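Each chain, letter by letter, is given below.
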Amino acid sequence: MRIAILSRQPLLYSTNALIEAGRARGHDMQVMDTLRFDIGIRHRQPELFYNGQPVSGIDAVIPRIGASITFYGLAVVRQFEMMGIYCLNDSQAIARSRDKLRSLQLLARHNLGIPPTMFTRQAEHVPACIQRVEGPPVIVKLLEGTQGVGVVLAESERAASSVVEAFHGLDQNILIQQFIREAKGADTRVLVVGGKVVAAMKRQAKPGEFRSNLHRGGSSKKVRLSAEYRRCALTATKVLGLQLAGVDLIESGNGPMIMEVNSSPGLEGITKTSGIDVADAIIRYLESEVPPPEPPGK
């Protein structure tokens, strides 16, 4: 197969891991910068151009779209879909996962555990919202942040109000969430591919930090998932329609809660921690979903 990886950062570990895994299984791997596509829309004739040249001969696409280019990235993925090319995560599923409010609404509707959350645009409503999630302290979170960016722990009502006011002043939508003390700065990242759990790790925030992201100094260890955690991760991925996802869960007094479902999860931390070649699992799943190209001459 000829597989395109949509990525603006070809030197990233995750991108390289996918390239190596695909080439090891005999595939032609190509990294394509998402912003270098031009989209042509004609009656019954969708077109894509890359660096000015028509795109053709691609059998499958692995979208790895950064949050800062979500709108344009989704447009490119939709165009591949219109051309009949298989995309590992489709545009609608990516859009659901990127909108934290929408994803929480869907997860709550399917009886999955989520932190109590409030969404408001009125500054005068903030104190009441804080009380409704049993704070302070509370987590104030940007609606479209990623990797811990735009996530603030507000220790007091005044601090929360100031953070919300600052974000609203920048025309940013925010969520106010209950701070789950029982988690103690730890979460579990579960990597799901094609409706199966491929790998899992437990992450622990460094002292003085509540975010457990590894690039923020957190530590990680391999973990064996309980049946309840496995069910939560698989159901969340299915609800959002993703074939590849990193599901972040935390422990609460009411069982596991889903913090986030990431449609472009990093592969480095979970690969090194679990010892499982997750990039290879992704390529093998693509092989199972995409019919092999016909030999020349047929």
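Residues numbered from 1 in each chain as written. Predicted model: local features only at pLDDT ≥ 70, side-chain atom pairs only at ≥ 80, totals over all residues. Heavy atoms only, no water.

The name given to the protein in an unreviewed UniProt entry is ATP-grasp domain-containing protein, and the organism recorded there is Tuwongella immobilis.

Draft legend 1. Focus on the sheet that holds strand 13 (residues 196–204). If you trace the five strands from one edge of the open sheet to the other, you get 14-13-12-15-16, paired in antiparallel fashion. Bordering the open sheet on either side are strand 14 (219–222) and strand 16 (255–262), each of which pairs with just one other strand. Across this sheet, the average inter-strand angle for adjacent strands is 30°, counted without regard to direction. Relative to strand 13, strand 12 (residues 186–193) runs antiparallel, the two sharing eight bridges. Directly across from Val193, in strand 13, lies its bridge partner Lys196. (Pairing = 2+ DSSP bridges. Helix = DSSP H or I, 4+ residues; strand = E, 2+ residues; numbered from the N terminus. Axes fitted to C-alpha atoms, helices over the stretch in contact; angles between N-to-C directions.)

Draft legend 2. View of the pairing of strand 3 (residues 37–40). In this structure, strand 3 lies alongside strand 4 (residues 47–50), joined through four bridges in antiparallel fashion. The partner of Gly40 across the bridge, within strand 4, is Glu47. The antiparallel hairpin formed by strand 3 and strand 4 contains six residues in its connecting segment, where Arg44 sits at a positive phi of about 60°.

Draft legend 3. Representation of helix 7 (residues 227–240) within the structure. Taking 1.5 Å per residue as the helical rise, helix 7 with its 14 residues ought to reach 20 Å, and the 20 Å between its terminal C-alpha atoms agrees with that figure. What helix 7 keeps buried is the set Tyr229, Cys232, Ala233, Ala236, Thr237, Val239 and Leu240. Viewed end-on, helix 7 has its buried residues packed into an arc of 165°, placing them on one side of the element. In helix 7, the exposed positions angled more than 90 degrees off the buried face are occupied by Ala227 and Lys238. Against the buried residues of helix 7 lie helix 3 (91–98), helix 4 (100–109), strand 12, strand 15 (244–252) and strand 16. The positive-phi residue at the C-terminal boundary of helix 7 is Gly241, with phi of around 80°. (Expected span 1.5 Å × (residues − 1). Buried < 20%, exposed > 50% of the residue type's maximum accessible area, 1.4 Å probe, protein only. Arc of directions from axis to C-beta. Contact = heavy atoms within 4.5 Å.)

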